[in-house]
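Residues per chain are reported as follows:
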Amino acid sequence: MSDLSAARIPDPLEGLKAAMRHYAAGVTVVTTGTGDERRGVTATAFTSVTMEPPTVLVCINRNGATNTALRSCEIFCVNILAEGQDEACATFSGQRALHGAGQFAPFEWLPCAGRPLALKGALASIGCTLTGTIEQGTHTVFLGRVEEVLISPSARPLIHYDRVLHSVGL
């Protein structure tokens, strides 16, 4: 029988960090812009908001270039990463020596919402038009109306859990 007792963490910040490490989440790369103005970032803070109208949200650090680019472009794509796309996750989270539009070079891109923002092979790519923002602490919550969706039906999800990427055994 397993121990079901809970560890109490008195510091709210450290407690939230520990809790989020234990929350298994899909991994996304949020992309925006065109040409040399393309920007992207790895994010796990993403969810659907409503089906009528179809709307999603993603949270992005206000100090990042993707935040600024998304505000000016007003079109973005949430690429839900598939198993085997660990390198895209690492590249867009800043773990490689690539920045700005250079992050896009190692990967293939497909048109979505009228721009080449969809990562080829992603589990799903959701092209959106920006409909609103909410500023909260260090991040901006971007709301987007879904314009187009691309699905890779045979792909399997990439999951982030306890600071490590995992495959789901389906």
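Because the structure is a prediction, the values reported are computed rather than measured.

Analysis parameters
- Residues numbered from 1 in each chain as written.
- Predicted model: local features only at pLDDT ≥ 70, side-chain atom pairs only at ≥ 80, totals over all residues.
- Heavy atoms only, no water.
- Helix = DSSP H or I, 4+ residues; strand = E, 2+ residues; numbered from the N terminus.
- Rg over C-alpha atoms; globule rule 2.2 N^0.38 Å.
- Buried < 20%, exposed > 50% of the residue type's maximum accessible area, 1.4 Å probe, protein only.
- Contact = heavy atoms within 4.5 Å.
- Areas by Shrake-Rupley, 256 points an atom, 1.4 Å probe, with all protein chains shown as cover.
- Lys, Arg positive; Asp, Glu negative; His and termini not counted.
- Charge placed at Lys NZ, Arg CZ, Asp CG, Glu CD.
- Core = buried A, V, L, I, M, F, W, Y, C linked by side-chain atoms within 4.5 Å.

Draft legend 1. A look at the overall build of the protein chain. What the protein chain contains, in helices and strands, is three helices and 12 strands. For the protein chain, whose C-alpha radius of gyration is 17 Å, the value lies close to the compact-globule estimate of 15 Å for 170 residues. Taken along the three principal axes of its C-alpha coordinates, the protein chain extends 55 × 40 × 35 Å. Burial analysis of the protein chain (170 residues in total) assigns 38% to the buried set. A fraction of 63% describes how many contacts in the protein chain between residues 6 or more apart in sequence connect residues 24 or more apart. Surface accessibility of the protein chain: about 9,600 Å² in total, with carbon and sulfur atoms responsible for 56%. In the protein chain, which carries 13 positive and 15 negative side-chain charges, the distance between the mean positions of the two groups comes to 3 Å.

Draft legend 2. Inspection of the nonpolar core at higher detail. The biggest cluster of nonpolar side chains holds 15 residues, and the ones touching the most others in it are Val30, Val58, Leu70 and Phe76. Where this core is concerned, the elements lending two or more residues are strand E5 (54-61), strand E6 (75-80), strand E9 (124-136) and strand E10 (139-151). When residues in this core are grouped by element, the largest group, four residues, is from E9. Contact partners of Leu70, with chain neighbours within four places excluded, come to Val30, Thr32, Ile60, Phe76, Leu130 and Phe142. Of all hydrophobic cores here, the second largest spans 12 residues; its members include Ala88, Phe104, Trp109 and Leu158.

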